[in-house]
Structures are given as structure tokens and as C-alpha cells.
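Next come the chains, spelled out residue by residue.
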Amino acid sequence: MASREHGSTKAVPHGLRTSSPIPIFMYHNIAPLPRGVTRYRGLYVKPRAFAHQLGLLHALGYRALSMSDAMPYLRGDEHGRVVVITLDDGYADNVDNALALLQHYGFTATCYVVSGAVGRYNEWDSERLGLRKPLMNADQLRAWHAAGMEVGAHSRTHARLSRCSPWVMKDEVRGSKADLEDVISAPVTQFCYPYGDVNDAVVEATREAGYEGATTVQRGRAVPGSDLLRLPRVAVSYRHILPQFAMRAFTRYEDRRA
Ligand SMILES: [Zn+2]
């Protein structure tokens, strides 16, 4: 006769407990490192490294999902070997270099787009960086979405939301959703706080605007039952060779740094 304890876990596949952490990876540029860039190089992951990371996930039986596709897992309604891929700011290199690789493995991903900068460049940090990086235009956003990828919102101007007046803050949160829904003709239900800058009022505005999930830059892996509007992430940069990527994804390395 099976023990009570054994019986209570029979619905969960071996090795997968309901509390399995889910890494939400944070990427920015998927592109070769531009010449002469010495600052903020951590924002880059080379396409070949990205391919190797996806290949590793696939080889280990993981599926990489967009935020919306992962919501049932983050809520704890479904269980499985999943990770989440997010790409911040909406760089054109995401559609040029990352899309085909994601499609190759049947993975999905969420790109968080600054709605007031569609088709422009990274106006919020181009001076500090000494580099203007092209952002996806409306056609590229529609192509990204039509390929099964998700468009999430990242405010209208990449504002530090906790420092905005309440009216401006709400407009950044709500307005970026409306702007992007106009572009892709589909609901936008995921948000990412620029600079990870968030406080209770910003979270409340995000909830009121109708977002189902929102990510920060707090380090750590999400666990089912995490606050869905304050989700931590695991940053990936050009410095991380494959074993480091694996350590961040599959061990408590990042969780201990939360
Ligand atoms: Zn950003």
C-alpha cells in the first residue's frame, strides 16, 4: 500500500516539485559587441552564445516561454521544465538575430518595448553609452508578434517611474499598453519596469492598467506563487560562458543573491 506521502505527489512528475524555481532570463541586445563600446557591455549577448544557451535548454528538456505562455507555471497551475526569456527595450537586433533561433527550437519570448521610441533608438541611455542602438519599428514589431512571440510594454519613454508625478507615471504604464495594442492589434498584458524602478504606487498602477505580470531587475528565480507584478529575473550578459549560464539557470546561485 502506497504511503500517504507518496500518494500526495503522484500527479507531479518525478523530480518536479510544485516549488521548482523558474528562471526568467533578462536579455537586451542579441548582437556582436560593437567596436569601441567599453561601458554597458553586459547588455550584449552574441548570437552564437544565445544559440548555445537555447541549445542547452533544449538538450536538458526545458522549454523557453514568453511571459504570457509561462503564466500558468508562474501561477502554479501547471508544472514542467520551463524557463522564461525576456528581452528589454525592443532592439531591432532581437528580430534580426534572436527570432530565427527561438523559432528553431519552438521557443517563445517576450520583448518589452518602449512604446514612444518605436522605430527610433535608445534615447534614454545613448549618451551614457556613446551608442545609438536601433529599436524595432512597427513592421518589425508586427513580424515579431506574427511569429508567435510576445510584445510586452516597457513604458512610453523608459522613465524612472517612482520619480514621475502620479499622473505621468500612470500615463507611462497605461499609455504604453494602449500604444502597443494599436501597433500589433492584440492585447498587451505584460510589463517591465524601466531600470527595475518600482514602488507600491507603480505596482498598483500596473495592476489597474490590466497587466497580468511585471518584471523587475531584482536578482533571483521566480517560484510559483511569487508576486506576479514584482517578478525577479536572471540577467544574462556576454561575460557568461555556458557553465555560468547553467549555474544561474539551474542552481540556487542567483536566489542567494536576491
Ligand atoms: Zn529597459
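Here the structure is a predicted model, which is why all the values come from computation and not from measurement.

A. Here's a closer look at the overall build of the chain. Scanning the chain from terminus to terminus reveals nine helices and ten strands. When its C-alpha atoms are laid out on the principal axes, the chain stretches across 65 × 40 × 35 Å. Relative to its full complement of 258 residues, the chain shows a buried share of 49%. Contacts in the chain between residues at least 24 apart in sequence constitute 66% of all its contacts with a sequence separation of at least 6. A gap of 9 Å separates the mean positions of the 32 positive and 26 negative side-chain charges of the chain.

B. Summary view of a positive patch on the surface. A grouping of R39, R128, R160 and R163 is seen on the molecular surface, where their side chains present a positively charged patch. Tracing the backbone shows R160 in the loop between strand 7 (150–153) and helix 7 (166–184). Of the residues examined, R160 reaches a relative accessible area of 31% and is grouped as partly exposed.

C. Up close: unusual backbone geometry. Positive phi, normally seen in glycine, also occurs at D89, with a value near 90°. Mapping D89 onto the fold places it in strand 5 (residues 82–89). A positive phi is found at S155, a non-glycine position, where the angle reads about 75°. Taking relative accessible area as the criterion, S155 reaches 0% and is therefore assigned buried.

D. How the structure looks around the nonpolar core. Core analysis: the largest hydrophobic core is formed by 49 residues, its most contacted members being F25, Y27, L57, I85, L102, W144 and Y193. The dominant element in this core, judged by the number of residues it contributes, is helix 7, at five residues. Aside from chain neighbours lying at most four places away, what touches L57 is F25, Y62, A64, V83, F107, F245 and F250. I22, M71, Y73 and L74 belong to the second largest nonpolar core, which has 15 residues in total.

E. Structural context of helix 4 (residues 92–105). Taking 1.5 Å of rise per residue, the 14 residues of helix 4 would be expected to cover 20 Å, and the 21 Å separating its terminal C-alpha atoms lies within 8% of that figure. The sharpest bend along helix 4 comes to roughly 45°, located at A98. For helix 4, the complete set of buried residues consists of A92, D93, N94, V95, A98, L99 and L102. Where helix 4 is buried, its residues meet strand 2 (29–30), helix 2 (47–59), strand 5, strand 6 (110–113) and helix 6 (138–146). Of the residues flanking the end of helix 4, it is G106, one or two places downstream, whose phi is positive at about 70°.

F. Representation of the layout of surface pockets in the model. By volume, the largest pocket is sized at about 500 Å³. Lining the largest pocket are 27 residues, and of these M26, H28, L43, D88 and V217 lie nearest its centre. Breaking the lining of the largest pocket down by element, the ones donating at least two residues are strand 5, strand 9 (213–219) and strand 10 (231–235). Taken together, the residues of the lining of the largest pocket sort by class into eleven nonpolar, eight polar and eight charged.

G. Main features of the environment of Y112. Tracing the backbone through its elements, the reader meets Y112 in strand 6. Here the side chain of Y112 touches T215 through a polar contact of 3.1 Å, side chain to side chain.

H. Structural context of the side chain of D197. Residue placement: D197 occurs in the loop between strand 8 (190–192) and helix 8 (200–209). There is no salt bridge for the buried D197, and the closest opposite charge comes from R163, which lies 5.2 Å off by N-O distance. Excluding residues within four positions of it along the chain, D197 makes contact with R160, L161, S162 and R163.

I. How the structure looks around the packing of aromatic side chains. The final tally for this structure, using the stated rule, is seven aromatic pairs. An angle of 25° between the planes, with centres 5.5 Å apart, marks the rings of Y105 and F107 as stacked. Since its relative accessible area comes to 23%, Y105 is described here as partly exposed. The class for F107 is buried, based on a relative accessible area of 3%. Ring plane angle 50° and centroid distance 5.0 Å describe the contact between F191 and Y211, whose orientation is recorded as tilted. Of this pair, F191 sits in strand 8 while Y211 sits in the loop between helix 8 and strand 9; the two residues are 20 residues apart in sequence, bridging distant segments of the chain. Here the aromatic residues F25, Y27, F50 and F245 are joined through ring pairs into a cluster of three or more. Here the guanidinium or amino end of R160 rests over the ring plane of Y195, the centre of that ring lying 3.8 Å away. Residue placement shows K177 over the ring face of Y211; its charged tip is 5.9 Å from the ring centre.

About the thresholds
Residues numbered from 1 in each chain as written. Predicted model: local features only at pLDDT ≥ 70, side-chain atom pairs only at ≥ 80, totals over all residues. Heavy atoms only, no water. Helix = DSSP H or I, 4+ residues; strand = E, 2+ residues; numbered from the N terminus. Buried < 20%, exposed > 50% of the residue type's maximum accessible area, 1.4 Å probe, protein only. Contact = heavy atoms within 4.5 Å. Lys, Arg positive; Asp, Glu negative; His and termini not counted. Charge placed at Lys NZ, Arg CZ, Asp CG, Glu CD. Patch = residues over 30% accessible without salt bridge, like charges linked within 9 Å, V, L, I, M, F, W, Y side chains within 5 Å. Areas by Shrake-Rupley, 256 points an atom, 1.4 Å probe, with all protein chains shown as cover. Salt bridge = Lys/Arg side-chain N within 4 Å of Asp/Glu carboxyl O. Core = buried A, V, L, I, M, F, W, Y, C linked by side-chain atoms within 4.5 Å. Expected span 1.5 Å × (residues − 1). Bend = angle between axes of the 7 residues up to and from the residue. 1 Å grid on protein atoms, 1.4 Å probe; cavity = no way out; pocket = protein on both sides within 12 Å on 5 of 7 lines; lining within 4 Å. Points joined across faces, edges and corners; volume = space filled by probe spheres on them. Nonpolar A, V, L, I, M, F, W, Y, C, P; charged D, E, K, R; others polar. Polar contact = N/O pair within 3.5 Å; in protein donor to acceptor, adjacent residues only side chain to side chain. Phe/Tyr/Trp six-rings, centres within 6.5 Å; stacked < 30°, edge-to-face > 60°. Lys NZ or Arg CZ within 6 Å of the ring centre and 35° of its normal.

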